[in-house]
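# Structure at a glance
Listed below are the residues making up each chain.
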Amino acid sequence: MIKAVFIDIDDTLLDFAPTCEAALKEGFEKFGIGPYKDGMVNTLLDVTAEMWKEIEKEEITYDYLLKERFNRVFARLGIDFDGKIFENFFRGFLFESAIEVDGAREFLGYLDGKYILCTASNGPHAQQINRLKNADMLKYFSHCFISESVGASKPSKDFFSYALSVLNEGRSEKILPCEVMMIGDSLTSDMTGAYNSGLVSCFLDRKRTGDTKGLKVDHIIENLKDIFEIL
């Protein structure tokens, strides 16, 4: 029986791609970089995904991502501009962004009161909290587990063991890992982390590929409303 639900933030509750595209368009104009061209956002998304996988494998740090992300992006786009300057602008833009994934508000409203809801997100703490607040979603969560404040990133067992220990503080009857569902869009961080830590996994397959890369997951949903058939 599921008692608590851990929920990823980026591309699960808040839509990262349109936020990135809006940031690029505004930043290009602000800094006189030139016109934004269709598809440029895909380079940013690809680089960000690549670097987060490097973080998950402990090959680089988050601080390194902040220093080098836009240098990689601009190198691939053939743009001559200081990546660190644009990263600072981008982080400020992202801090205030609150573009919801379709159905996110209805999804949270449905789960609210039925389960203990917690975020489980990689990223900077203040940024993720502010984005949830701007989206009027923060009110649904009993705990916000975010890698910067946890001191570990998904998919590490340290992240999930910390979250479970906080969840169980003061409880005479402990919530077991098998009584917690992890819902997220990432196979490498969300689903791998859930599997390795004994949580029930629910993969949000927004691209509708049906491909779990050979990873065992308990549930696959194509949109957030599909959760109504599971929980």
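Preceding this section is the structure that the text describes.
Residues numbered from 1 in each chain as written. Predicted model: local features only at pLDDT ≥ 70, side-chain atom pairs only at ≥ 80, totals over all residues. Heavy atoms only, no water.

## With respect to the overall build of the chain
Scanning the chain for helices and strands turns up nine helices and six strands. A globule of 231 residues ought to have a C-alpha radius of gyration of about 17 Å, and the chain, at 18 Å, matches this closely. By its C-alpha atoms, the chain is 60 × 35 × 35 Å across when sized along the principal axes. A total of 231 residues make up the chain; the buried ones form 50% of that total. Look at the contacts in the chain between residues 6 or more apart in sequence, and 63% of them connect residues 24 or more apart. Per element, the accessible surface of the chain, about 11,000 Å² overall, is 47% carbon and sulfur. Of note, the chain has its 27 positive side-chain charges centred 1 Å away from the centre of its 38 negative side-chain charges. (Helix = DSSP H or I, 4+ residues; strand = E, 2+ residues; numbered from the N terminus. Rg over C-alpha atoms; globule rule 2.2 N^0.38 Å. Buried < 20%, exposed > 50% of the residue type's maximum accessible area, 1.4 Å probe, protein only. Contact = heavy atoms within 4.5 Å. Areas by Shrake-Rupley, 256 points an atom, 1.4 Å probe, with all protein chains shown as cover. Lys, Arg positive; Asp, Glu negative; His and termini not counted. Charge placed at Lys NZ, Arg CZ, Asp CG, Glu CD.)

## Observations regarding the pattern of salt bridges
Throughout the structure, instances matching the rule amount to 17 salt bridges. A salt bridge links lysine 3 to glutamate 173, with the nearest nitrogen and oxygen atoms 3.5 Å apart. With lysine 3 in the segment before strand E1 (4–7) and glutamate 173 in the loop between helix H8 (157–167) and strand E4 (180–184), this residue pair connects regions lying 170 residues apart in the sequence. A residue is classified by how much of its surface remains accessible, and lysine 3, at 25% relative accessible area, is partly exposed. For aspartate 11, the salt bridge goes to arginine 206, with nearest N and O atoms at 3.5 Å. Residue aspartate 11 is found in the loop between E1 and helix H1 (16–31), and its partner arginine 206 is found in the loop between strand E5 (200–204) and strand E6 (219–221); the two are separated by 195 residues along the sequence. Residues joined in a network through salt bridges with shared partners are Glu100, Arg105, Asp136 and Lys139. (Salt bridge = Lys/Arg side-chain N within 4 Å of Asp/Glu carboxyl O.)

## Quick look at unusual backbone geometry
The phi angle of most residues is negative, glycine excepted, and most peptide bonds adopt the trans form. Look at the link from lysine 154 to proline 155: it is a cis peptide, with omega at 15°. Along the chain, proline 155 falls in the loop between helix H7 (147–150) and H8. A positive phi angle, close to 65°, is found at aspartate 11, a residue other than glycine. Even without a glycine there, the phi angle at arginine 208 is positive, about 55°.

## Concerning the packing of aromatic side chains
Applying the stated criterion across every chain, the model contains 19 aromatic pairs. A ring pair is formed by phenylalanine 70 and phenylalanine 86, whose centres lie 4.8 Å apart and whose planes are at 50°; its orientation type is tilted. In this pair, phenylalanine 70 sits in helix H3 (residues 62–77) while phenylalanine 86 sits in helix H4 (residues 83–96), placing the two residues 16 residues apart along the sequence. Here the guanidinium or amino end of lysine 114 rests over the ring plane of tyrosine 110, the centre of that ring lying 4.3 Å away. (Phe/Tyr/Trp six-rings, centres within 6.5 Å; stacked < 30°, edge-to-face > 60°. Lys NZ or Arg CZ within 6 Å of the ring centre and 35° of its normal.)

## Notes on the side chain of threonine 48
Of note, threonine 48 is situated in helix H2 (residues 40–56). Judged by relative accessible area, threonine 48 falls into the buried class, the value being 6%. Excluding its chain neighbours within four sequence positions, the residues that come into contact with threonine 48 are Phe16 and Arg69.

## Some thoughts on the nonpolar core
With 30 residues, the main nonpolar core has Val5, Ile7, Leu13, Phe107, Leu108, Leu117 and Phe141 as its most contacted residues. Among the elements of the structure, E1, helix H5 (104–111), helix H6 (125–134), strand E3 (143–146), E4 and E5 are those that each provide at least two residues to this core. Tallying contributions element by element places H5 first for this core, with four residues. Filtering out sequence-adjacent residues up to four positions away, leucine 108 remains in contact with Ile7, Leu13, Leu117, Met137, Tyr140 and Phe141. (Core = buried A, V, L, I, M, F, W, Y, C linked by side-chain atoms within 4.5 Å.)

All quantities given are derived from atomic positions and should not be read as evidence of function.
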